[in-house]
Amino acid sequence: MSRSDFLLVLFAIFFLFASCAKKEPEVDFKPIQIRWNLAQGEDESKMPRKDNCVILLTARLMAEPPVQASSAGELSYEVTYSRSAENPEILKFDGICRDLSIMDKPECRWEATCDADCKIVVNFHNGD
């Protein structure tokens, strides 16, 4: 067997294994728009992880089941962020839909936290 034949067989075996490998399901992301608002009296310079938290939170929100299930074509949120009163290392985000006509929908009111390790926790409020 020539070297080129060997490489061709090796490539075919690799392709076969690669195509049979278990693939993780892809997550669809629902488009959202967010207007970020610093809470009154807060100092953004005391929030060194804010940018990382904002990026991770945005990605998380786009994949959340209530957002994915939304009948709205695109969701737009007003989000106020601040440091947690209980623990200033934790950033707190309060989101609300900008479209008042869908305010009673589960995807329209939520709050989230981002801790010192940039772990995001999101809780939806079902319009309560």
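Residues numbered from 1 in each chain as written. Predicted model: local features only at pLDDT ≥ 70, side-chain atom pairs only at ≥ 80, totals over all residues. Heavy atoms only, no water.

Caption draft 1: Molecular detail of helix H2 (residues 50-63). Taking 1.5 Å of rise per residue, the 14 residues of H2 would be expected to cover 20 Å, and the 20 Å separating its terminal C-alpha atoms lies within 8% of that figure. Among the residues of H2, Lys 50, Cys 53, Val 54, Leu 57 and Leu 61 are the ones counted as buried. Seen end-on, H2 carries its buried residues on one side only, within an arc spanning 100 degrees. Turning to H2, the residues buried within the fold contact strand S1 (32-38), helix H3 (65-68), strand S2 (75-83), strand S3 (91-97), strand S4 (109-114) and strand S5 (120-124). (Helix = DSSP H or I, 4+ residues; strand = E, 2+ residues; numbered from the N terminus. Expected span 1.5 Å × (residues − 1). Buried < 20%, exposed > 50% of the residue type's maximum accessible area, 1.4 Å probe, protein only. Arc of directions from axis to C-beta. Contact = heavy atoms within 4.5 Å.)

Caption draft 2: Molecular detail of the pattern of salt bridges. All told, the structure shown has eight salt bridges when counted by the stated rule. The closest approach of N and O atoms between Arg 49 and Glu 89, which form a salt bridge, is 3.7 Å. With Arg 49 in the loop between S1 and H2 and Glu 89 in the loop between S2 and S3, the pair connects residues that are 40 residues apart, well separated along the chain. If you follow the salt bridges from partner to partner, you end up with Arg 35, Glu 78 and Arg 98 in one network. (Salt bridge = Lys/Arg side-chain N within 4 Å of Asp/Glu carboxyl O.)

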